Amino acid sequence: MPLHPQTVSFLEQLASWTAAPSGRDGPAEPTIAEMRERIGAAFPVVRRELPWVGDIEVPGSGGPVPVRLYRPAPPERGPLPAVVYLHGGGWVLGGLDNVDAFCRDLAASAGCVVLNVGYRLAPEHPFPAAVDDAWAVVSSVAREPGRYGVLSGAVAVAGDSAGGNLAAVAALLARDAGVPLAHQLLVYPVTDTAKDTPSWREYGTGYGLDAGSLARFMDLYRDGADPSDPRLAPLRAPDLAGAAPATVITAECDILRDEAEGYARRLAAAGVPVELRRYDGVVHSFFLLPEIFDAGAEAVEFAVRRLRAAFDDHSRQGSAA
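Residues numbered from 1 in each chain as written. Predicted model: local features only at pLDDT ≥ 70, side-chain atom pairs only at ≥ 80, totals over all residues. Heavy atoms only, no water.

**Student:** Just checking my understanding: could you explain the packing of helix α4 (residues 129-143) against helix α6 (residues 162-177) for this structure?
**Tutor:** For any two helices packed against each other, one specifies the crossing angle of their axes together with the interaxial distance. Contact geometry of α4 with α6 gives a least axis separation of 9 Å together with a crossing angle of 55°. By the angle between their axes, α4 is oblique relative to α6. Regarding α4 and α6, the two cross each other, and that crossing is right-handed. Counting all contacts with α4, which are made through Ala130, Val131, Ala134, Trp135, Val138 and Arg143, the residues of α6 involved are Leu166, Val169, Ala170, Leu173, Ala174 and Ala177. (Axes fitted to C-alpha atoms, helices over the stretch in contact; angles between N-to-C directions. Helix = DSSP H or I, 4+ residues; strand = E, 2+ residues; numbered from the N terminus. Parallel < 35°, antiparallel > 145°, perpendicular 65-115°, else oblique. Left-handed = near helix turned anticlockwise from the far one by under 90°. Contact = heavy atoms within 4.5 Å.)

**Student:** Quick question: what am I supposed to make of the nonpolar core here?
**Tutor:** When a protein is soluble and globular, its nonpolar side chains tend to lie buried together. Ile249, Phe286 and Phe287 are the most contacted members of the largest nonpolar core, which totals 110 residues. A total of 9 residues in this core trace back to one element, the largest contributor, which is α6. Ignoring any residue separated from it by four or fewer positions in sequence, one finds Phe286 in contact with Tyr188, Ile249, Thr250, Ala251, Tyr279, Phe293, Ala295, Gly296 and Ala299. (Core = buried A, V, L, I, M, F, W, Y, C linked by side-chain atoms within 4.5 Å. Buried < 20%, exposed > 50% of the residue type's maximum accessible area, 1.4 Å probe, protein only.)

**Student:** Would you mind showing me how to read α6 here?
**Tutor:** Because an α-helix packs 3.6 residues into every turn, residues spaced three or four apart end up facing the same way. Along its 16 residues, α6 runs 22 Å from first to last C-alpha, staying within 8% of the 22 Å computed at 1.5 Å per residue. In terms of burial, α6 is largely enclosed, as 12 of its 16 residues are buried. Those residues of α6 that fall on the buried side of the exposure criterion are Ala162, Gly163, Gly164, Asn165, Leu166, Ala167, Ala168, Val169, Ala170, Ala171, Leu172 and Ala174. Those residues of α6 hidden inside the fold are in contact with β3 (80-86), α4, β5 (150-160), β6 (183-187), α8 (211-222) and α9 (257-269). (Expected span 1.5 Å × (residues − 1).)

**Student:** Looking at this structure, how should I read the side chain of Asp258?
**Tutor:** Looking at the secondary structure, you find Asp258 in helix α9. Judged by its relative accessible area of 17%, Asp258 falls in the buried class.

**Student:** It is not clear to me how the sheet that holds strand β1 (residues 52-58) should be interpreted in this structure. Could you clarify?
**Tutor:** One open sheet accounts for 8 strands, arranged β1-β2-β4-β3-β5-β6-β7-β8; its pairing is mixed. Looking at which strands have only one partner, the edges of the open sheet turn out to be β1 and β8 (274-283). This sheet shows a mean twist of 20° between the axes of neighbouring strands, independent of strand direction. Across 6 bridges, β3 lies against β5 in parallel orientation. (Pairing = 2+ DSSP bridges.)

**Student:** Can you walk me through the packing of aromatic side chains in this structure?
**Tutor:** Centre-to-centre distance and the angle between the planes together describe a pair of aromatic rings. Counted under the stated rule, the structure contains 8 aromatic pairs. With 5.2 Å between their ring centres and 55° between their planes, Tyr85 and Phe102 make a pair best called tilted. Placement of Tyr85 in strand β3 and of Phe102 in helix α3 (residues 100-110) is noted, with a sequence separation of 17 residues between them. With respect to class, Tyr85 is no different from Phe102; both count as buried. Arranged with centres 5.4 Å apart and planes meeting at 45°, the rings of Tyr279 and Phe286 form a pair that is tilted. The exposure classification of Tyr279 matches that of Phe286, with both residues buried. Among the aromatic residues, those joined into a cluster by ring pairs are Tyr85, Phe102 and Phe287. One Lys or Arg, Arg277, reaches over the ring of Phe302 and ends 3.9 Å from the middle of that ring. (Phe/Tyr/Trp six-rings, centres within 6.5 Å; stacked < 30°, edge-to-face > 60°. Lys NZ or Arg CZ within 6 Å of the ring centre and 35° of its normal.)

Structure below.
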């Protein structure tokens, strides 16, 4: 399908934002430091007020993991389901602030606690640092729900792009550790290291997420690790059976489309309940920009419905027990 007019406008804005500063000499591609400084500055958002938002730390193998915790109701109202959210950014960019507005909205609309994870970034902290931090938070919330004001067993994991990769990996680690998760929400996740799908070739340049940039980030993160390690490439895991039920969201004009949809198909083939939804005419990042993309607002509403349904299923199962 042709690009949606909102996508055309977004890409024009993005091109203006990513243009090199006037008069700057040097490489066409900005440095990691420059990209970190500029990320999120182009598209200001409104941050919803919530009854409780606080920064905490969760013990991890590499030291304390910073987490921002959001509650849609005061703690004295009792425990709630929870979503552990892992931000995107190619394992190199991003942090708590970049998905703060989204996590606030998610907590309010899904009626759950949201834990926004500030995992360590490459190249300073290559693989498996981000995996270790993600798993530290997921396992802590799932095993000690009372510590976070969370309902026992009602924990989901979610993430976008590289964060979707970490969410998928965390769901497999949870399965292997016997830690039940209510759901996994994967938004255009990175699931492989091969970079050889038709969508990588068709949408590699000019559609927001540049194939060369992501390949660069992947190399910085991988840092020589085995590219077939399932903690890097969950699509290459030998068996996906027993993973948490899943929702997979993709964008038509995104280099990650094919590998994300391939992962959804493999989950389904392994007997994992999964719903895949592709949004036509849009590009990577649409999900986190509902103020720009109508499809983004629709996708967020869909994701919220899926999470609420997963938490409702948990409640029904608990009542039956």
